[in-house]
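An overview of the molecular structure
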Amino acid sequence: MITLPIRTERLYLRRFLPEDAENLYAYLSDEETVRFEPYPPLDPETCRAEAEERAENPDFIAVCTPPDDKHPAGMLIGHVFFSPCAFMGAELAYVFNRAYWHRGYAAEACRAVMERAFAEGETRRVVAMCDPENIASWHLMERIGMRREGRLIKNMALHTDENGNPVWQDTFLYAVLKDEYQIKNQP
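Counting restarts for each chain, with residues numbered from 1 along the sequence as it is written. Owing to the predicted nature of the model, reporting of local features is limited to residues with pLDDT of at least 70; listing and counting of side-chain atom pairs is limited to 80 or more, with chain, interface and lining totals taken over all residues. For the side-chain quantities, the full set of heavy atoms in the structure was used; hydrogens and water were omitted.

**Focus on the overall build of the chain**
Comment: elements are numbered from the N terminus, with helices defined as DSSP H or I runs of at least four residues and strands as E runs of at least two. When helices and strands are counted, the chain shows five helices and eight strands. Start at the N end of the chain and walk to the C end: the helices and strands fall as β-β-α-α-β-β-β-α-β-α-β-β-α. Relative to the compact-globule value of 16 Å for 187 residues, the chain shows a C-alpha radius of gyration of 16 Å, a close match. The buried label goes to any residue with under 20% of its type's maximum accessible area, the exposed label to any with over 50%, and the partly exposed label to all in between, with areas taken from a 1.4 Å probe on protein chains only. Across the 187 residues in the chain, those meeting the buried criterion constitute 43%. Across the chain, contacts joining residues at least 24 apart in sequence account for 60% of those joining residues at least 6 apart. In this setup the radius of gyration rests on C-alpha atoms only. A globule is expected at 2.2 Å times the number of residues raised to 0.38. Whether two residues are in contact is decided by their heavy atoms, any of which lying within 4.5 Å being enough.

**Observations concerning the pattern of salt bridges**
Should a side-chain nitrogen of Lys or Arg be within 4 Å of a carboxyl oxygen of Asp or Glu, the pair is scored as a salt bridge. According to the stated counting rule, one finds 10 salt bridges in the structure shown. Glu 108 is the salt-bridge partner of Arg 10, the closest N and O atoms lying 2.7 Å from each other. Separated by 98 residues along the polypeptide, Arg 10 in the loop between strand S1 (6-7) and strand S2 (12-15) and Glu 108 in helix H3 (residues 105-119) bring together distant segments of the chain. Look at Glu 108 and you get buried, because its relative accessible area is 14%. Salt-bridge contacts for Glu 45 lead to Arg 48; the nearest nitrogen and oxygen are separated by 2.7 Å. You can see Glu 45 and its partner Arg 48 sitting in helix H2 (residues 44-56), three residues apart, about one turn around the helix.

**Some remarks on the sheet that holds S1**
Being paired, for any two strands, means DSSP has found at least two bridges between them. Reading across the sheet, the eight strands line up as S1-S2-S3-S4-S5-S6-S8-S7 and stay open at both edges, with mixed pairing between neighbours. Lying at the two open borders of the sheet, with one neighbouring strand each, are S1 and strand S7 (147-160). Sheet topology places S2 next to strand S3 (residues 60-64); four bridges connect them, and they run antiparallel. Bridge assignment links Arg 14 to a residue of S3, and that residue is Ala 62.

**Here we look at the nonpolar core**
Generally speaking, soluble globular proteins have nonpolar side chains that are buried together. Residues belong to a common nonpolar core when they are buried Ala, Val, Leu, Ile, Met, Phe, Trp, Tyr or Cys residues joined through side-chain atoms within 4.5 Å. The biggest cluster of nonpolar side chains holds 38 residues, and the ones touching the most others in it are Leu 13, Phe 82, Leu 92 and Met 146. For this core, the element with the most residues is H3, which contributes 10 residues. Residues contacting Phe 82, with those up to four places away along its chain left out, are Ile 2, Asp 59, Ile 61, Ala 90, Glu 91, Leu 92, Val 113, Ala 117, Thr 123 and Val 126.

**Side note on the pairing of S7**
Summarising the sheet, S7 and strand S8 (residues 166-177) pair through eight bridges and their orientation is antiparallel. Pairing of Met 156 across the sheet is with Gln 169, part of S8. Once S7 ends, the chain turns through five residues before running back antiparallel as S8, passing Gly 164 with a positive phi of about 85 degrees.

**Structural notes on H2**
A helix is expected to reach a length of 1.5 Å times the quantity of its residues less one. The terminal C-alpha atoms of H2 lie 19 Å apart, and with 13 residues this matches the ideal 18 Å at 1.5 Å per residue to within 8%. Of the residues making up H2, those classed as buried are Cys 47, Glu 50, Ala 51 and Arg 54. End-on view of H2: buried residues confined to an arc of 105 degrees, all on one side of the axis. Structural note: H2 exposes Glu 53 and Glu 56 on the side pointing more than 90 degrees away from its buried face. Buried residues in H2 make contact with helix H1 (21-28), S3 and strand S4 (76-85). The directions considered for the arc run from the helix axis to the C-beta atoms.

**Remarks on the state of the cysteines**
Cysteine sulfur atoms that pair up within 2.5 Å are treated as a disulfide. Applying the stated criterion across every chain yields a total of zero disulfides. Cys 110 supplies the cysteine sulfur nearest to Cys 64, a cysteine that is in no disulfide, at a spacing of 14 Å. Cys 110 forms no disulfide, and the closest cysteine sulfur to it belongs to Cys 130, at a distance of 12 Å.

**With respect to the packing of aromatic side chains**
By convention here, two paired aromatic rings are described through the distance between centres and the angle between planes. Each aromatic pair joins two rings of Phe, Tyr and Trp (for Trp, the six-membered one) with centres within 6.5 Å, and gets the label stacked for planes under 30 degrees apart, edge-to-face for over 60, and tilted for any other angle. For the structure shown, the criterion picks out five aromatic pairs. Judged by centre distance (5.9 Å) and plane angle (65 degrees), the ring pair of Tyr 100 and Tyr 105 falls under edge-to-face. With respect to burial, Tyr 100 and Tyr 105 carry one shared label: buried. Aromatic pair Trp 138 and Phe 172: ring centres 5.8 Å apart, planes at 85 degrees, arrangement edge-to-face. Of this pair, Trp 138 sits in helix H4 (residues 135-143) while Phe 172 sits in strand S8, placing them 34 residues apart in sequence. With respect to burial, Trp 138 and Phe 172 carry one shared label: buried. Chaining the aromatic ring pairs together yields one cluster made of Trp 138, Phe 172 and Tyr 174. Here, a charge over a ring means that NZ of Lys or CZ of Arg falls within 6 Å of the ring centre while also lying within 35 degrees of the ring normal. Above the face of the Trp 138 ring, Arg 148 is positioned so that its terminal group lies 4.6 Å from the ring centre.

Here it is in structure tokens:
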């Protein structure tokens, strides 16, 4: 768990709020946005429950526009999942509203989360995984200083076929160590 909130040049990262349900629905209901996720597009009721659960789960970080009069807690545009794992590691994942793709928001948010985690001293390694077909995702991982450590062959099945059989897929594994990240990102 990292200390929040985090303010970046263009973003405000904070804990989820139950009130985030409508904006969560805006992107988790989009078939293209959830194409590489382990769930189908979500309905409004599921997003209400999801926002409430995420408000209780420190692994989910709401990525928002900066607070203003209209949105005192900032408007949710995506999220980062940052979960501690074995050996002082953490797993990183992200999903953003398609209206905010290709503007550098995901990279800015992921960098801010990793920098905070490394600075607070609890994390020595961050890992992330993605479907090899998700080119934008693995390009983002490379832009934020992660290296590809391997390709896991048919290691997971997030979906099933029309007969209920698992559809096995490959996964790219990316990682960065605290020391590497700090050297790559020195001013």
